[in-house]
Each structure stands twice: as C-alpha cells, then as structure tokens.
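Residue-level structure breakdown
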Amino acid sequence: MERPLTVLRMSLYHPTQGSAVFATVPQRLQHDTSPLLVGRGLGSHLQLHLPGLSRQHLSLEPYREQGGALLAFSLKALSRRGCVWVNGLALRFLEQVPLGTVNRVIFAGIQMVVHVEGGTSLEAFVCCFHVSPSPLICRPQAEETDEWEDIPEEPPAPGSEQPVPGHVGFPHGPSQAVDSSPEPRPGGGTEIQLQREAADSGGGAPCSPHGHREHSMAETGLELS
Amino acid sequence: MSSFEDADTEETVTSLRVTIYHPGQMQGGIFQSIRFSNPEKLPSSEVVKFGRNSTVCHYTFQDKQVSRVQFSLQLFKKFDSSVLSLEIKNMSRRTGLLVGGMELGYLNKVELPSRCVVRFGEYQLLVEKQDGESLEFFETLFTMSPRPLLQEQGWPAGKPTPELCWSAQSTCLSACPTEMDENEY
C-alpha cells in the first residue's frame, strides 16, 4: 500500500511585480530524500531567477528524528553572502535549523512561507508552489495603527524613539497571526532597524530580509499576512 | 612585491581522517575504489555519500551487501561557532548505522564528535575530525586498518544497545570489556 507523501506547501513572493523570478517554478515537484536545493543555478531543484541569489542559496533536507515516523526538514543556508532568515532567526553560511509546521523564510528579498504537512512515506516528498501577488510576511496592523496615532505632524526630533511608519520596509496590510512565537537569535535584538542598501561585501556583513544591511531584525514584529 | 606577499592568507581546513576496516578487505577488493593516503579537498557544502553506487557516492564499496547509498556525512556550522561540525545520516533502509553506542535508523542523523567509530554490517570506520579555520573547504583522508578497530566482545548483532547521553570517545576503540557500557548491564 502506498503511503501518503509529506507535502511542503510553499508560497513565494517577491516585490518585483510581473518579474521572471518565479518563471520556472512548477506547480508541483516531487523529490526524493536528498536535500532540495534552492537557488539561481541550473543545478537547483527550485530555480529562482534573481541576480542577488546565490547559485545554491539554501537547501531543505529531509531527515527523520530518532523515534519519529514522519519526515522532518532542516533548512541550511548555502549562500556565502548575506543571511537566510527563518522564523526570525538569521542563518549564515552552513548554519541550519529544523523547520516547524509553518515557517517564514526570507532571503535575497524573497519571502517564502513553508507549511509542512506530514505524510508517512519516507521515500519522497512533494512541494506544491504558489506565487503570491502580495507580501506574505508583514508587521501586524495593530502595531502600525498605534504608530500612526502617535506620530506628530513634524518629523520626529533626532534621538526620538518614535519609529516612522513604513520605515520598516514591509508593506502595510491586513495580517493574520499564525505563528508569531519569536525565535530570537542568540544575542539578537528586538527592533527592526533598516539602513540604506549598501553593497553586500559578504562574510561578516550584517544582513536584512531584503538583502539590505541592517543591525538586527525584530522577530516579534513579523507575522504572516 | 612577490606573489608570496600578495597572496591571500592561507587558512587551515577541517580535516576528516577516516580509518576503515572490513574482515574481508584483502580478498574481495571492496575498497579498491578508495584512494588511500590521498588527501582530497571538497567544498564544505558538499554532502559526502558512502555506498555501492558510484554515480551518486563519493566513496564506494565494491560489495553487494552495501546499500546503494549507505550513509552520508555533511558539515554544518553551529550558531556562534567559528569551526565546522560534522553530522552523519543513515541512508540505508535495510541496515542500521551504529554511531558510538547509538543506532541510527533510516534517515536518522546525529552530530559526530571529534573522534568516533561508525559501524554498519561488518564495516568499521574510525572518523576523526580536526578543526580548521576555513569554512569553504574541508579535506578527507582515508587509511585502511590491518586489524579491527573495535573488539567484538560482548557486542552481538541484534542486542539492544542502551541509549546513552554518550561521549563517543569513551565508548569507541576500547579493547577492555569493562569500558563498554553494555557490560555494565
């Protein structure tokens, strides 16, 4: 009797409207138990056409927990430049993290939400892709409403602690909290602070979900849209 | 300026030394595909597979009793660590993989300590990792042992191995039964 396959429902979004980033993304992809490679290169199982993406940017590796019956997945960063953000945790080159049931992944300006639906087959798994026309990951509307109410007409004085709406870089819009439990990086901060985009020098440069340089990322402020 | 002065600073690479043994190694040519005493440099993102299938495996064993892909080794970096760590994954549906005192089933994986004996079937592999600075590459070096790496006393096939909060260095390479945790039970 055939066993049901584990399904990874992957929603993808990139701000460039009508771009060819996801031109070769299939609706469905069945893959064996080797790591699924995501990147710009031809050897990637999920090929995304973005110049800022590494040829092999990240991998999704199936494995089985000791005593577990279902496939589990580990996401590993394979890009030497920048970071891959997974549920608010920044992964640098060769760092990896196990995935939960719902996962928010941001890399090179791409937003990806991965839902893992466990199946009992250990032979293969299936990816079902959906390209979203609107952002998948944004800040909760309630926080943004509070910020609007408190913003004075004049620009905030230097040193003021009032954040400017929209400075975050994520679009406003309705959001639904699905998995808002923060997973702070050890020693990570709690506020989003964006800087102007700078050339990514790779290696030790701090990274942002949009590929910008930034100090840190607010894990608690990110929720699914 | 000379090329020496202009060259990039050399980094030491993580080194994996694998000493292997099989009781039939001198007769069947099972290790004929492996280049012993020949260091090989590999990208650190590489998943290194061991098995019978030469198309997908980096290192192959010429033995029909070996699975097409028996197990894999891959490097990863822990958060806030400057060196690479090593994990092993059992890729065989048929054969368990003994890592120190722990048995891995199909697709189970575990981090390897710096020095550990891995076993499957009659194969014994001593895997030793020496840390290096480079995150880009690592090096492998294979050696064949003329004698078993582990004494087989008190280690019959099929006997349950207690799960341990284990330090593999203390359970590996011991020739004295008293040092084996199984004998305490």
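If you're wondering where the values come from, they're calculated on a predicted model, not measured in any experiment. (Residues numbered from 1 in each chain as written. Chains lettered and ligands numbered in written order. Predicted model: local features only at pLDDT ≥ 70, side-chain atom pairs only at ≥ 80, totals over all residues. Heavy atoms only, no water.)

In this section: the overall build of chain A. Along its length, chain A carries one helix and 14 strands. Counting all 225 residues of chain A, 50% fall into the buried class. Surface exposure of chain A reaches about 10900 Å², of which carbon and sulfur atoms provide 52%. (Helix = DSSP H or I, 4+ residues; strand = E, 2+ residues; numbered from the N terminus. Buried < 20%, exposed > 50% of the residue type's maximum accessible area, 1.4 Å probe, protein only. Areas by Shrake-Rupley, 256 points an atom, 1.4 Å probe, with all protein chains shown as cover.)

The next point concerns the interface of chain B and chain A. Across the contact, 25 residues belong to chain B and 24 residues belong to chain A. Across the chain B/chain A interface, buried area totals approximately 2100 Å², and carbon plus sulfur atoms make up 46% of it. Taken together, the connections running from chain B to chain A amount to five salt bridges. The salt bridge partner of E123(A) is R93(B), with a shortest N-O separation of 2.6 Å. The tally of links from chain B across to chain A stands at 17 residue pairs in polar contact (both at pLDDT 80 or more). Elements represented by at least two residues in the side of chain B that touches chain A include exactly β5 (71-77), β6 (84-90) and β8 (102-104) of chain B. The leading source of residues in the side of chain B that touches chain A is β5(B), at four residues. The residue makeup of the side of chain B that touches chain A, split by class, is 11 nonpolar, five polar and nine charged. (Contact = heavy atoms within 4.5 Å. Buried area = accessible area lost by both parts, 1.4 Å probe. Salt bridge = Lys/Arg side-chain N within 4 Å of Asp/Glu carboxyl O. Polar contact = N/O pair within 3.5 Å; in protein donor to acceptor, adjacent residues only side chain to side chain. Nonpolar A, V, L, I, M, F, W, Y, C, P; charged D, E, K, R; others polar.)

Before going further, it helps to spend a moment on the confidence of the model for chain A. Residue and element names in this part refer to chain A. Averaged over every residue, the pLDDT of chain A is 74; the share at 70 or more is 60%. In the model, residues 140-145 has pLDDT below 50 throughout and makes 11 contacts with residues more than four positions away in sequence or in other chains. Considering only residues more than four positions removed or in separate chains, one finds that residues 209-221, a stretch of pLDDT under 50, has 56 contacts. (pLDDT = per-residue confidence, 0-100.)

Residue and element names in this part refer to chain A. Pairing within the open sheet is mixed, and its five strands lie in the order β4-β3-β5-β6-β9. Edge strands, defined here as strands with exactly one partner in the open sheet, are β4 (46-47) and β9 (96-98). As paired strands, strand β6 (residues 72-77) and β9 are joined by three bridges and run antiparallel to one another. Paired with K76 across the bridge in β9 is Q96. (Pairing = 2+ DSSP bridges.)

Residue and element names in this part refer to chain A. Pairing is mixed in the open sheet, where seven strands are placed in the order β2-β12-β1-β11-β10-β7-β8. The outermost strands of the open sheet, each flanked by one partner alone, are β2 (28-31) and β8 (89-91). Between one strand axis and the next, the sheet turns by 25° as a mean value, whatever way the strands run. (Axes fitted to C-alpha atoms, helices over the stretch in contact; angles between N-to-C directions.)

Here P51(A) is to be found in the loop between β4 and β5 (58-63). With 11 residues separating them in the primary sequence, P51(A) and R40(A) have C-alpha atoms 7.6 Å apart.

Counting 40 residues, the largest nonpolar core has L8(A), M10(A), L48(A), L75(A) and F107(A) as the members making the most contacts within it. With four residues, the top contributor of residues to this core is strand β11 (residues 110-117) of chain A. Apart from the residues lying within four places of it in its own chain, the contact partners of L75(A) are L58(A), S59(A), L60(A), V84(A), V86(A), L91(A), E95(A), Q96(A), V97(A), L99(A) and V105(A). With 36 residues, the next largest nonpolar core counts I30(B), F71(B), L75(B) and Y123(B) among its residues. (Core = buried A, V, L, I, M, F, W, Y, C linked by side-chain atoms within 4.5 Å.)

When the UniProt feature table is mapped onto this chain, "domain: FHA" (unreviewed entry) is found at residues 37-104 of chain A. What you have in residues 37-104 of chain A is 0% helix and 43% strand, and the ends, taken at the C-alpha atoms, are 17 Å apart. (UniProt positions renumbered as here; feature names shortened; annotations may be inferred.)

Residue and element names in this part refer to chain B. The predicted model of chain B averages 84 in pLDDT, with 81% of residues at 70 or higher. Scored below 50 in pLDDT, residues 153-180 makes 49 contacts in the model with residues more than four places away or belonging to other chains. Two numbers describe this predicted complex: its pTM, 0.74, and its ipTM, 0.78.

With that settled, the discussion passes to the layout of surface pockets. Residue and element names in this part refer to chain B. Computed from the structure, the largest pocket encloses a volume of approximately 490 Å³. As for the largest pocket, its lining consists of 23 residues, of which R68, V69, M91, R93 and Y106 are closest to the centre. Counting only elements with at least two residues in the lining of the largest pocket, the list comes to β3 (47-51) and β5. The residue makeup of the lining of the largest pocket, split by class, is seven nonpolar, six polar and 10 charged. (1 Å grid on protein atoms, 1.4 Å probe; cavity = no way out; pocket = protein on both sides within 12 Å on 5 of 7 lines; lining within 4 Å. Points joined across faces, edges and corners; volume = space filled by probe spheres on them.)

What follows is about the packing of aromatic side chains. Residue and element names in this part refer to chain B. Counted under the stated rule, the structure contains 12 aromatic pairs over all chains. Consider the rings of F31 and F61, whose centres lie 5.8 Å apart with planes at 70°: the pair is edge-to-face. Of this pair, F31 sits in the loop between β1 (14-21) and β2 (40-43) while F61 sits in the loop between β4 (59-60) and β5, placing them 30 residues apart in sequence. The buried category is assigned to F61, whose relative accessible area is 1%. On the basis of an interplanar angle of 45° and a centroid distance of 5.2 Å, the ring pair of F61 and Y123 is categorised as tilted. In this pair, F61 is assigned in the loop between β4 and β5 and Y123 in strand β11 (residues 123-130), connecting sequence segments 62 residues apart. Take F61 and Y123: they sit in the same class, and that class is buried. Clustering of aromatic rings is evident, with ring pairs tying together F31, F36, F50, Y59, F61, F71, F120, Y123 and F142. (Phe/Tyr/Trp six-rings, centres within 6.5 Å; stacked < 30°, edge-to-face > 60°.)

In this section: the pairing of β11(A). Residue and element names in this part refer to chain A. Most of β11 is tucked away, with six of its eight residues classed as buried. Judged from the seven bridges that link them, strand β1 (residues 6-13) and β11 form a sheet pairing that is antiparallel. The residue bridging Y13 from the neighbouring strand is Q111, located in β11. Strand direction decides the pairing type here: strand β10 (residues 102-107) and β11, joined by six bridges, are antiparallel. Residue I106 lies in a different strand from β11, and its bridge partner there is Q111. Count of turn residues in the β10/β11 antiparallel hairpin: two residues, of which A108 carries a positive phi of about 50°.

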